[in-house]
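# Overview (structure and organization)
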Amino acid sequence: MRVIILAAMLALAATAALAVDPGERLADPSLEARARTLSGELRCLVCQNQSIDDSNADLAHDLRVLIRERLTAGDSDPQVLQFMVRRYGDFILLRPPVQADTYVLWFGPFAVLALGALGAALYLRRSGRAPQQALAPLSADEQRRLKQLLAEDQG
Amino acid sequence: MRRLIYLLPAVAFVALAAYFFVSLTRDPSVLPSAMINQPTPAFALAGLGDQPGLVRDEFAGQVVLINFFASWCIPCRTEHPLLMNLSRELSVPLYGIDYKDKPEDAARFLGELGDPYRRIGADREGRVGIDFGVYGVPETYVIDKTGRIRLRHVGPLTPADVARELAPLVKALQRS
């Protein structure tokens, strides 16, 4: 039983082992939690598709330490993000801010969806009307032919 | 005429494909700097060993180049021969910031390859680097007479970079 518990604990510990060094952590758990959330928001500029929370890069480590310093000095979360953006630009934010030059990014997909919906609506409206015009009554000739075919079938 | 509307998706596709195709030739590891046209961040760094250090305010009124380097940085070795002639070629002072390095390693590096810098500041913690928005060495900055950053070059400088970007900019800034 002890072995199973130990194994389970080790397995859990392994999943929790991220790039954050024990030595980097702050003593205050609420500050540390804020630091973790902020590091998840910031891009590691060396590896680019990882947050600095996940990255082992040297610069990511430096930035994590810096975040904790800013928080300890009394900065609010937006102030810390602002501090990073001033140096590294919006690219450091994993979630791009909604502003004039990112409108296409944020709203482009909805615009395409709306265009598609408009096209589909127009198409459906037109094809909904079309069959009624096509349903002209049969001509005398067609009536005769129909009767003939039906008679053949029965006979 | 109405038929033309069916060409619209094809036109949109071609436009997007062309845009993506051009983007393929861009190097995604080269990032734009947020510090362009911003004042140079203040710093006061100690020198290597007992050499004099580097303070931002001493640049005031002149165009200067600042090169972030490190002895552990392989591309810096590639760049080094070019730096040796750069400051004479462009007649502009070149200052070095030794990024996250041990001063004795940096001294050995420069002893081996030559020292192209007018003066060097040792940024042992990399904090000045972060203030500049450095995300890898080497990086080279052009500072104008008013102390604003006008250009950042990421990665080792090549003769083509010097001829195309650096030299024309430095000349223009020196004239202004």
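Remember, predicted model here, so these are calculated numbers, not experimental data.

Here we take up the sheet that holds strand 7 (residues 149-154) of chain B. All names here are of chain B. Pairing is mixed across the open sheet formed by five strands, whose spatial order is 5-4-3-6-7. The two strands at the open ends of the sheet, each matched to only one other strand, are strand 5 (120-123) and strand 7. Between one strand axis and the next, the sheet turns by 20 degrees as a mean value, whatever way the strands run. In the sheet, strand 3 (residues 64-69) pairs with strand 6 (residues 139-143) via five bridges, with the strands oriented antiparallel. Bridge pairing links Leu65 to Val142 in strand 6. Packed on one face of the sheet, helix 5 (residues 159-175) meets strand 6 and strand 7 and runs near 165 degrees to strand 7.

If you check helix 1 (residues 8-24) of chain B, its first and last C-alpha atoms are 24 Å apart, about what 17 residues at 1.5 Å a residue would give, namely 24 Å. By the criterion of burial, helix 1 of chain B is predominantly exposed, with just zero of the 17 residues buried.

Another point: the interface of chain B and chain A. It is common to give the size of an interface as the accessible area that goes away when the parts come together. On the side of chain A, eleven residues touch chain B, which itself brings nine residues to the contact. Among the residues forming the side of chain B that touches chain A, the class breakdown is five nonpolar, three polar and one charged.

To continue, consider the confidence of the model for chain B. Here chain B averages 93 in pLDDT, while 99% of its residues score no lower than 70. Across chain B, the secondary-structure element scoring lowest on mean pLDDT is helix 1 of chain B, at 92, and the one scoring highest is strand 3 of chain B, at 97.

Residue and element names in this part refer to chain B. With five of six residues buried, strand 4 (residues 94-99) lies mostly within the body of the structure. With five bridges joining them, strand 3 and strand 4 adopt parallel strand pairing. Considered in strand 4, the bridge of Phe69 is made with Asp98. For the handedness criterion, the β-α-β arrangement of strand 3, helix 2 (residues 74-89) and strand 4 is classed as right-handed.

Conventions we followed
Position numbers for residues start from 1 in each chain and track the written sequence from start to end. Going through the entries in the order they are written, you letter the chains from A and number the ligands from 1. Where local features are concerned, this predicted model is filtered to residues with pLDDT of at least 70; where side-chain atom pairs are given and counted, the filter is 80 or more; whole-chain, interface and lining totals use all residues. Pairing between two strands is assigned when DSSP locates at least 2 bridges connecting them. Segments assigned H or I by DSSP are reported as helices when at least four residues long, segments assigned E as strands when at least two residues long, and all are numbered from the N terminus. The axes used here are C-alpha line fits, helices contributing only the stretch in contact, and every angle between their N-to-C directions lies in the interval 0 to 180 degrees. For every residue pair, C-beta atoms are placed from the backbone, and the pair is scored as a contact if these atoms sit within 7 Å. The span you would expect from a helix comes to 1.5 Å times its residue count less one. Residues are called buried when their C-beta atom has 20 or more other C-beta atoms within 10 Å, exposed when it has 12 or fewer, and partly exposed otherwise; all C-beta atoms are positioned from the backbone. Only Asp, Glu, Lys and Arg are considered charged in this grouping, and only Ala, Val, Leu, Ile, Met, Phe, Trp, Tyr, Cys and Pro are considered nonpolar; every other residue, Gly among them, is considered polar. The predictor rates its confidence in each residue with pLDDT, a number between 0 and 100. Looking down the strands as they point away from the viewer, one classifies a crossover as right-handed if the path from the first strand across the helix to the second runs clockwise.

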